[in-house]
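So you can see what is in the structure, the chains are spelled out below.
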Amino acid sequence: MIKQYLLLSIASLIIGGCSVPKQEGAAPLKMINQVDFSHVKIQDSFWSPRLEKHTSATLPVCIDQIENQTGRMQNFINASKGEGKHSGIFFDDSDVYKALEGIAYSLINNPDPELERKADEWIGHIASAQQPDGYINTYYTLTGLEKRWTNMDMHEMYCAGHLIEAAVAYYQATGKRTLLDVGIKMANHMMSIFGPGKRDWVPGHEEIELALVKLYQTTKEEEYLDFAHWLLEERGHGHGSKGDDGVWDPAYYQDEIPVRDLESISGHAVRCMYLYCGMADVAALRHDTAYISAMNKLWDDVVLRNMYVTGGIGSSKHNEGFTEDYDLPNLEAYCETCASVGMVYWNQRMNQFTGDSKYIDVLERSMYNGALAGVSLSGDRFFYVNPLESHGDHHRKAWYGCACCPSQISRFLPSIGNYIYGLSNNSIWVNLFIGNTTEISIDNQKVTLKEETNYPWDGTVNLSINAERPVNKDLRIRIPGWCRKYSLSINGESKSFDEENGYVVISDWESGDRISLNMDMPVELVSADHRVKQDDGKRAIQRGPLVYCLEETDNKPDYNKIALKGNATFEIVNSEILPGVAKVVQAKEGGKTLTFIPYYAWDNRDAGNMKVWIDLDDN
Ligand code: FUB
Ligand code: ZN
């Protein structure tokens, strides 16, 4: 089957050249539920080694940094005793919570009594640091509780949100309630001060909203959902920070207009992503169509005008966020790791409303490129900023003073199983191609889904579903936007199916069928939208979901003079130049061989130059 559209150029990217269907009039309710990663066992040549590094390297680094190299855990111990100083940044508590969330997810994937004991020890310190009225924040406890709740940009609700996310995760992983009770008490404390008829508050950094929805889903207490909704509705009415430090305006905080009226993305990138996730969650539960239509406009603005080819967002270091549409510098790109992870979170939610694969295309782009670059192949070094060009002076670090990105990676990687499947009334949705065995319950029977694949190195995916009784659901398999040609067979017999919103729809399947999807995965030359002046006359290389880059170490000498011919031919070559990078792309240019490696894998060897966008030699 050949897709009807051409692969067009991108930068603020047009994925697979899909037009962007407007969602007006579409059903606003969430139609697809995530298949939680706790049901998904990943066995995959690409991801399993990354998950192993998460357990063996990423989590130990986080634990060591939190306990020994920095004062993050000591802050809790000091706060529980009411003595000693606070060290570090005022929102450092959030890293402890995010690492705990990562530990909880890791325990779900690989039970580990020693790790669980460590988490319990931390939770003991956290619980002891909670004030009798439920307030918990070590910065204010140690610097003066009288100043708490006086500055909306001081991340008290941001930290509370991460506490609640960790608490829900740990409760799900272990059934232990201690941290959940800490989170509940803090939520109750906040609701005793803020809310209708009480004080106004606009959290300077969103996060609490989506966390409160998780708390509602866990406790079934509607008041947490009410509070999340109220906090969203507080924005844009002049209640928020007025730029007290003289730097930031309301747009930085997504507080310039009511969220339901937002049409374009502005300000701080991670804050935007967390806000949109909270809006999506509340919209789904409160049937708020205005939130959905705002997010449709926002999505177009992000993806068509403000997103890098790597799925990264936020072009400016100054505000860690957005500038002008189509302003996408490569060397100075910010593309914070957390923002790429945020794109994954938000795009999954958008897909769940619509069943449109364009959201998974973006999710996959951000996941395999912008987010995955955030951690070294060894699992113990991290990027905060992810530029698309380097002069050899940008390297992953073991940790950061502001460590939001390492702790983000620690909770994101072990939960990637969340993005593979979806379940709706009528369908099982296959979104990502990652080897796994998954057991879910459908109509009171156990259904086993199995994917085998060498993706993203090639485009063959074998899928089987086993159940004792017939399963009355269509199978919807995503055909990625990058894929222009594919074939599908069932039990070896070639078949043709209708496509709907970027998914092939297989209605007629039986337990035990072997479904094989074969996607052509050629190397594509991608060009930027002509309004992106920084990419004018340049091309990027993409194959499947992976964006590639040139590193100087593979392309000496004359790295600076490299220019691609428009008719360059590419070879996909098996490689062992980097652990876990099974294939590289090579091009022959004037007697020289250019070697492109996946963007996510850059800066794992010698320090040197790197670029994603390559000059085009159009002579
Ligand atoms: O402010 C908390 C986190 O630190 C933000 O999400 C990141 O951008 C970094 O500033
Ligand atoms: Zn970050």
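Model, not experiment: these values are computed from the prediction.

Undergrad: Can you help me understand the sheet that holds strand S6 (residues 436-442) in this one?
TA: Whether parallel or antiparallel, the strands of a sheet pair through hydrogen bonds between backbone atoms. Taking strand neighbours across the sheet as the criterion, the 7 strands line up as S2-S6-S7-S8-S14-S10-S11 in an open arrangement whose pairing is antiparallel. The open sheet has two edge strands with one neighbour each: strand S2 (40-42) and strand S11 (493-495). Strand-to-strand twist across the sheet, computed as the mean angle between neighbouring axes with direction ignored, equals 20°. Pairing analysis gives 6 bridges linking strand S7 (residues 445-453) to strand S8 (residues 460-466), with the strands arranged antiparallel. Of the residues in S8, the one forming a bridge with Thr-448 is Asn-466.

Undergrad: Just to check I follow, could you spell out the sheet that holds strand S1 (residues 33-34) for this structure?
TA: The strand order across the open sheet formed by 6 strands is S1-S4-S5-S9-S13-S12, and the pairing between neighbours is mixed. Each of the sheet's edge strands pairs with one partner strand only, and the pair in question is S1 and strand S12 (499-500). Bridge count for S1 against strand S4 (residues 421-423) is 2 bridges, and the pairing is antiparallel. Bridge assignment links Asn-33 to a residue of S4, and that residue is Leu-423. Its contacts with the sheet put helix H13 (residues 357-371) on strand S9 (474-478) and strand S13 (503-506), and the angle it makes with S9 is roughly 45°.

Undergrad: Mind showing me how you'd approach the packing of aromatic side chains here?
TA: One pair of aromatic rings is described through two measures. These are the centre distance and the angle between the planes. Using the criterion set out here, one finds 30 aromatic pairs in the structure. Judged by centre distance (5.3 Å) and plane angle (70°), the ring pair of Trp-47 and Tyr-368 falls under edge-to-face. Within this pair, whereas Trp-47 is found in helix H1 (residues 47-69), its partner Tyr-368 is found in helix H13, the two being separated by 321 residues in sequence. Classification of Trp-47 as buried rests on a relative accessible area of 0%. Its relative accessible area of 0% is what places Tyr-368 among the buried residues. Of the aromatic side chains, those joined through ring pairs into one cluster are Phe-46, Trp-47, Tyr-368, Phe-433, Tyr-455, Trp-457, Trp-482 and Tyr-600. Lying over the aromatic face of Tyr-135, Arg-148 brings its terminal NZ or CZ to 4.7 Å of the ring centre.

Undergrad: Explanation requested: the site of ligand 1 in the structure shown.
TA: Ligand 1 sits among Phe-91, His-155, Tyr-158, His-205, His-268, Val-270, Glu-320, Glu-336, Tyr-384, Cys-402 and Cys-404. Glu-336 is positioned such that a nitrogen or oxygen atom in its side chain is 2.6 Å from an oxygen atom of ligand 1. Contacts to ligand 1 include Tyr-384, whose side-chain N or O atom sits 3.4 Å from an oxygen atom. The fraction of the free accessible surface of ligand 1 (270 Å²) that becomes covered by protein chains is 95%. Taken together, the residues of the shell around ligand 1 break down into 6 nonpolar, 3 polar and 2 charged.

Undergrad: Mind showing me how you'd approach the coordination of the zinc ion (ligand 2) here?
TA: Between any two of four tetrahedral donors, the ideal angle at the metal is 109.5 degrees; between two of six octahedral donors, it is 90 or 180 degrees. Listed as protein donors to the zinc ion (ligand 2) are Glu-336 (OE), Cys-338 (SG), Cys-404 (SG) and Cys-405 (SG); their distances from the metal cover 2.1 to 2.4 Å. Of note is the zinc ion (ligand 2), whose 4 donor atoms meet at the metal with angles of 93 to 117° in an arrangement that counts as tetrahedral. Sequence positions of the donors to the zinc ion (ligand 2) reduce to the motif E-x1-C-x65-C-C. Exposure remark for Cys-404: the relative accessible area of 6% places this residue in the buried category. Cys-405 gets classed as buried once you look at its relative accessible area, which sits at 0%.

Undergrad: Is there a simple way to explain the packing of H1 against helix H3 (residues 93-109) in this structure?
TA: The contact between H1 and H3 brings their axes to 10 Å, and the two run at 150°. Relative to H3, the element H1 lies roughly antiparallel. By crossing handedness, the relation of H1 to H3 is classed as left-handed. Along the contact surface, H1 presents His-54, Thr-55, Leu-59, Cys-62, Ile-63 and Ile-66, while H3 presents Asp-95, Val-96, Ala-99, Gly-102, Ile-103 and Ser-106. Split into classes, the residues belonging to the contact of H1 with H3 amount to 7 nonpolar, 4 polar and 1 charged.

The rules we used
Think of each chain on its own: its residues are numbered from 1, step by step along the sequence as written. Chains carry letters and ligands carry numbers; both start at the beginning, A for chains and 1 for ligands, and go up in the order they are written. For this predicted model, a pLDDT threshold of at least 70 governs which residues receive local features, and a threshold of 80 or more governs which side-chain atom pairs are given and counted, while totals over whole chains, interfaces and linings are taken from all residues. Values reported for side chains reflect all heavy atoms of the structure, with hydrogen atoms and water molecules removed beforehand. We call two strands paired when DSSP finds no fewer than two bridges between them. Working definition: helices are DSSP H or I runs of at least four residues, strands are E runs of at least two. Numbering for both runs from the N terminus. Here an angle of 0 to 180 degrees is reported between the N-to-C directions of two axes, which are lines fitted to C-alpha atoms, with helices fitted over the stretch in contact. We call two residues contacting when some pair of their heavy atoms lies within 4.5 Å. What counts as a ring pair is set by centres within 6.5 Å for rings of Phe, Tyr and Trp (its six-membered ring), and what kind of pair is set by the plane angle: stacked under 30 degrees, edge-to-face over 60, tilted for all other angles. Each residue is placed in one exposure class: buried if its accessible area under a 1.4 Å probe, protein chains only, is under 20% of its type's maximum, exposed if it is over 50%, and partly exposed if it falls in between. The criterion for a charge sitting over a ring is simple: Lys NZ or Arg CZ within 6 Å of the ring centre, and within 35 degrees of the ring normal. Proximity is defined per residue: if any heavy atom of the residue lies within 4 Å of a molecule or strand, that residue is considered near it. Under the rule applied, a polar contact is a pair of N or O atoms within 3.5 Å (in protein, one hydrogen donor and one hydrogen acceptor; residues adjacent in sequence only if both atoms are side-chain atoms). All accessibility values rest on the Shrake-Rupley procedure with a 1.4 Å probe; residue burial counts only the protein chains present in the view. Residues were grouped as follows: Ala, Val, Leu, Ile, Met, Phe, Trp, Tyr, Cys and Pro as nonpolar; Asp, Glu, Lys and Arg as charged; and all remaining residues, including Gly, as polar. Metal sites are built from N, O and S donor atoms within 2.8 Å, or 3.2 Å for Na, K and Ca, and they leave out water, so they may look incomplete. Tetrahedral means four donors with every angle between 85 and 135 degrees, whereas square planar (four donors) and octahedral (six donors) require angles over 155 degrees between opposite donors and between 65 and 115 for all others; sites fitting neither are termed irregular. Note on angle classes: values under 35 degrees are labelled roughly parallel, values over 145 roughly antiparallel, values of 65 to 115 roughly perpendicular, and the remainder oblique. Note on convention: near helix rotated counterclockwise from far helix by under a right angle means a left-handed crossing. Clockwise means right-handed.

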